[in-house]
Amino acid sequence: MELWNYRADVYDRGQPLDLVGYHVQATDGKIGSVDEATYEVGESYIIVDTGPWIFGKKVMLPAQVVTSIDPQERNVYVARTKAEIKDAPEFDEGTFKEPEYRTRLGDYYGRLV
């Protein structure tokens with residue numbers, strides 16, 4: 001499984017969609033809203049601003065955990081619980097694009113499959 005690509009049935013590269021501002025729904029409730037989203041093959045992810053849920057922190061989710069997108073309701077659904085997302089490696093604005101962080105995050109989400 002390629003964690004850094006959107007599932008083919010979720011995101012159509014031929015129909016670009018800007019997810020910034022969409023609400024993010026974990027399997028057990030809302031976790032925040034999309035602050036940033038990327039769509040590059042093999043490097044796609046969303047950054048979620050969790051607001052007060054995790055004291056204003058952000059989290060990075062590999063694109064593969066996105067299970068569906070509802071443009072009408074502006075919701076992004078992910079295949080993880082709030083606890084799984086909260087326990088992920090801590091997001092750092094300065095290092096989140098570094099290969100080491102992506103590897104740690106990939107290892108964490110990959111083992112939850």
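Described in the following lines is the structure provided in the data block. Please read these numbers as outputs of a predicted model, since none were measured by experiment.

## A closer look at the overall build of the protein chain
When helices and strands are tallied, the protein chain shows two helices and six strands. Counting helices and strands in the order they occur from the N terminus, the protein chain gives β-β-β-β-β-β-α-α. Across its three principal directions, the C-alpha atoms of the protein chain cover 30 × 30 × 25 Å. Expressed as a percentage of contacts within the protein chain between residues at least 6 apart in sequence, the contacts between residues at least 24 apart total 56%.

## Some points on the sheet that holds strand S1 (residues 23–26)
Within a sheet, each strand pairs with its neighbour through backbone hydrogen bonds, oriented either parallel or antiparallel. If you walk across this open sheet you meet the six strands as S4-S3-S2-S1-S6-S5, and the pairing is mixed. Either end of the sheet is taken by a strand with one partner, and the two such strands are strand S4 (58–62) and strand S5 (66–70). Each adjacent strand pair in this sheet contributes to an overall mean axis angle of 35 degrees, direction not counted. Sheet topology places S1 next to strand S6 (residues 75–78); three bridges connect them, and they run parallel. Within S6, the position partnered with Gln25 by the bridge is Tyr77.

## Observations regarding the layout of surface pockets
Using a probe with the size of a water molecule, rolled over the atoms, empty space left in the structure can be pinpointed. Looking at the largest pocket, its volume works out to about 150 Å³. Of the residues forming the lining of the largest pocket, the biggest block, three residues, is contributed by S4. Partitioning the lining of the largest pocket into residue classes produces eight nonpolar, no polar and four charged.

## Details of the nonpolar core
A general tendency of soluble globular proteins is for nonpolar side chains to be buried together. Ranked by size, the top nonpolar core spans 34 residues in total, and within it Leu19, Ile46, Met60, Leu61, Val76, Val78 and Tyr109 carry the most contacts. At the level of elements, S1, strand S2 (29–37), strand S3 (45–49), S4, S5, S6 and helix H2 (99–110) are the ones that each hand at least two residues to this core. Among residues more than four places away in sequence, those in contact with Leu61 are Ile31, Tyr45, Ile46, Val48, Val78, Ile85 and Tyr109.

## Some remarks on the pattern of salt bridges
It is possible for side chains of opposite charge to pair when their charged atoms get near one another. Considering all chains together, one arrives at three salt bridges under this definition. When the shortest N-O distance is used, the salt bridge between Lys58 and Asp35 registers 2.7 Å. Of this pair, Lys58 sits in strand S4 while Asp35 sits in strand S2; the two residues are 23 residues apart in sequence, bridging distant segments of the chain. The exposure class of Asp35 is partly exposed, given its relative accessible area of 35%. The closest approach of N and O atoms between Glu90 and Lys57, which form a salt bridge, is 3.5 Å. Here Glu90, found in the loop between helix H1 (82–86) and H2, pairs with Lys57, found in the loop between S3 and S4; they are 33 residues apart in sequence, far enough to count as distant. Since its relative accessible area comes to 38%, Lys57 is described here as partly exposed.

## Details of unusual backbone geometry
With a phi angle near 60 degrees, Arg74 is a residue other than glycine that sits in the positive phi range. The class of Arg74 is partly exposed, set by a relative accessible area of 37%.

Parameters and conventions
Residues numbered from 1 in each chain as written. Predicted model: local features only at pLDDT ≥ 70, side-chain atom pairs only at ≥ 80, totals over all residues. Heavy atoms only, no water. Helix = DSSP H or I, 4+ residues; strand = E, 2+ residues; numbered from the N terminus. Contact = heavy atoms within 4.5 Å. Pairing = 2+ DSSP bridges. Axes fitted to C-alpha atoms, helices over the stretch in contact; angles between N-to-C directions. 1 Å grid on protein atoms, 1.4 Å probe; cavity = no way out; pocket = protein on both sides within 12 Å on 5 of 7 lines; lining within 4 Å. Points joined across faces, edges and corners; volume = space filled by probe spheres on them. Nonpolar A, V, L, I, M, F, W, Y, C, P; charged D, E, K, R; others polar. Core = buried A, V, L, I, M, F, W, Y, C linked by side-chain atoms within 4.5 Å. Buried < 20%, exposed > 50% of the residue type's maximum accessible area, 1.4 Å probe, protein only. Salt bridge = Lys/Arg side-chain N within 4 Å of Asp/Glu carboxyl O.

Limitation: the analysis is restricted to geometry and does not speak to function.
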